[in-house]
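Reading the structure
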Amino acid sequence: MKSLLFRVLVCFGLLIFADPLAAQQDGDTPYTIHSRTDVVLIPVVVRTSAGAHVAGLRKQDFTVLEGGKPQSLVLFEETKASPSTYPVKTEPGEITNAITEGPRPQRVTILVLDMLNTPFESQASARAELIKYVASSLDAREPTVLLALHNRGLSVLQGFTTDPRALLDALRVTSGQTPNLAASSGIEIGISTEAIKAAAVTANIDPASPYGQSVVQAAEQLLLFRESVETAVVNEQRRIAITLQTFQQISQAYAGVPGRKALIWVTAGFPFEISDSGALQVPGVFSEGTATQLRYLPGPRYDRTGAMPTLPETSSLAQGNDLSLLRPLFERTEQILTSANISIYPVDARGLVVYATGAERSSINRGLEKELRDRQLTAVASMNAIAAATGGKAFHDRNDLGNAVRAALSENETYYTLGYYRNSQDVKPGFRKLVVKVAQPAVEVRAKKGYMIPQDAAHSKLGRQVDLGAALSSPLDFTAAPIFMRWKGEPTVDKKTGKKQLAFQLWLPPDPSAVGISSVDMEIIAVATNLKGERADTFLQSVGASFSPETVAQVRKLGINYDGNLLLSSGKYVVKFIIRDLGTGKVGSLTTPIDVR
């Protein structure tokens, strides 16, 4: 472990800190640190119509507007990202969630197969195109991770690797999945005919008569239609929740990689859109040719102030009567996407969509074709909206999926990075719209459309639930807050419980972005689960303190060390450590197995 000059000790629940008043003795004036940390960073892609990078632009060639007002750029760089090096070097007995070293922008490839929002028949063709791309075009120097989104959330098909063969093996063994959430939607499929007949009798209608039979059949058809719409609505809500949380998990996982990240998302569309004002836009759900807006949802009602259910798993997000309940989650996700500099590049897994033609088509087929066209337009609109909002580009109506992936990755190699100080007095929650202009004719400019200031996301109950729920359920470690961890000494026996006490030490390296740090306000969580997924012990500690000038200098140079312990019986466990910085909103997590003997 690195040198220990600042230590936070936990002993019988007492926190021992350096004296925050050490600099105020003998009538000294209070120690004050001034800092400007609210820097808005904007990666900007500038391309010719042929797709080539426009090199040699100067700062005066760019204009950045926030809310229509021009901003003064304090940072300008033509950024050339290089492939990252994995893993980060550690000392003996030490593990870390850090995935890159140094502040220079790094280039990584993040591929996601979206099996939640993609029809089963399109998944196989998408995998085949990806196999072709990996086998013929993948740069073996560039670390690539392959992820999948399915009904239960995010999974890792292949962790970061520079070996194309490992990615090919992962793609070849990946099976498709029917994107069906009805089984867990909470709505029973099937209408009780006996209940309908009983209702007819109550209304003095003989269900055995011709008129009564027609009434019963009409009631059955009406209820079946309503049931199918409600099932679709609930499923759509769950798709939105799962997709949003996956965005959040991926953003948190790669936030520690400096620079712009291109997220290649192979899908048939998203269940939502992002409007020009940064709001969550919900498309219609089509049932029997009728577009039904997602307004009513069966189930218990929760208010929007933070009383959303606990989020140990992705599926628990899909609760409530109104899709507006998902907006706080959406706003937090949008903030994390922006902070992590993630640009989304949706690639249509269906390739070129062709509809049936011919004058002999029946009216039923024409109606079906219209619905398919409407679905296609909705899917393409969702891809274009999310790509534009995050500074990416959507690829659709083409069969060369591999070339689309290659084009998306090329935009991550060379780009411009702009930065300006935002108005620190402007703290009102909401979306801040950005417009980037370039004084160069006939070029394509891609940059994120804005950033979100959520409703006190770091300190609110909802913000805590969203962040911790995502960290606990994610198969990826979060890297926005780097953590180095090691076990201290041999386990000892706790006299009260008879369990083994395992001491751990966490080192939080200096944060270059925390220019004016003079205090710490964070949560430290350690959760141990057995191989059945059952929680064996949970350690939770809130840490808050102000620093003396001497301690500030030490923290800036060496970071912070933290000591804690877990109580576990003999057996095998998986331990997840989570650091949540309430000052910056950054989250770090680290997962490690342990065998207690």
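Bear in mind that the values here come from a model prediction, so they are computed numbers and not experimental data.

Cut-offs applied
Residues numbered from 1 in each chain as written. Predicted model: local features only at pLDDT ≥ 70, side-chain atom pairs only at ≥ 80, totals over all residues. Heavy atoms only, no water. Buried < 20%, exposed > 50% of the residue type's maximum accessible area, 1.4 Å probe, protein only. Helix = DSSP H or I, 4+ residues; strand = E, 2+ residues; numbered from the N terminus. Arc of directions from axis to C-beta. Contact = heavy atoms within 4.5 Å. Pairing = 2+ DSSP bridges. Axes fitted to C-alpha atoms, helices over the stretch in contact; angles between N-to-C directions. pLDDT = per-residue confidence, 0-100. Phe/Tyr/Trp six-rings, centres within 6.5 Å; stacked < 30°, edge-to-face > 60°.

1. Some points on helix 7 (residues 401-410)
Buried residues of helix 7: Leu401, Gly402, Ala404, Val405, Ala408 and Leu409, and no others. The arc that holds the buried residues of helix 7, viewed along the axis, is 160 degrees, so those residues lie on one side. Against strand 10 (109-114), helix 1 (120-137), strand 13 (261-267) and strand 18 (342-348) lie the buried residues of helix 7.

2. Section: the pairing of strand 12 (residues 153-161)
The side chains of a regular strand alternate, residue by residue, between the two faces of the sheet. Sheet topology places strand 11 (residues 144-150) next to strand 12; six bridges connect them, and they run antiparallel. Its bridge partner being in strand 12, leucine 146 is matched across the sheet by glutamine 158. Linking strand 11 back to strand 12 in an antiparallel pair, the connection comprises two residues.

3. Considerations on the sheet that holds strand 28 (residues 571-581)
Strands sit in the order 26-25-28-29 across an open sheet of four strands; the sheet is antiparallel. Unpaired on one side and paired on the other, strand 26 (535-546) and strand 29 (587-596) mark the two borders of the sheet. Across the sheet, the mean angle separating the axes of adjacent strands is 15 degrees when strand polarity is ignored. For strand 25 (residues 519-530) and strand 28, the ladder comprises nine bridges, and the chain directions are antiparallel.

4. Focus on the confidence of the model for the chain
For the chain, per-residue confidence averages 76 on the pLDDT scale, and 70% of positions sit at 70 or higher. Note on residues 225-230: pLDDT is under 50 here. Beyond four places in sequence and across chains, it has twelve contacts. Here residues 284-321 scores under 50 on pLDDT; set against residues more than four positions off or in separate chains, the count is 97 contacts.

5. Digging into the packing of aromatic side chains
A full pass over the atoms with the stated rule returns 16 aromatic pairs. Taken together, a centroid distance of 5.8 Å and an interplanar angle of 25 degrees make the contact between phenylalanine 76 and tyrosine 416 stacked. Within this pair, whereas phenylalanine 76 is found in strand 6 (residues 75-80), its partner tyrosine 416 is found in strand 19 (residues 414-421), the two being separated by 340 residues in sequence. Ring geometry for phenylalanine 270 against phenylalanine 272: centres 6.4 Å apart, planes inclined by 50 degrees, an arrangement best described as tilted. The buried category is assigned to phenylalanine 272, whose relative accessible area is 0%. Among the aromatic residues, those joined into a cluster by ring pairs are Phe247, Trp265, Phe270, Phe272 and Phe330.

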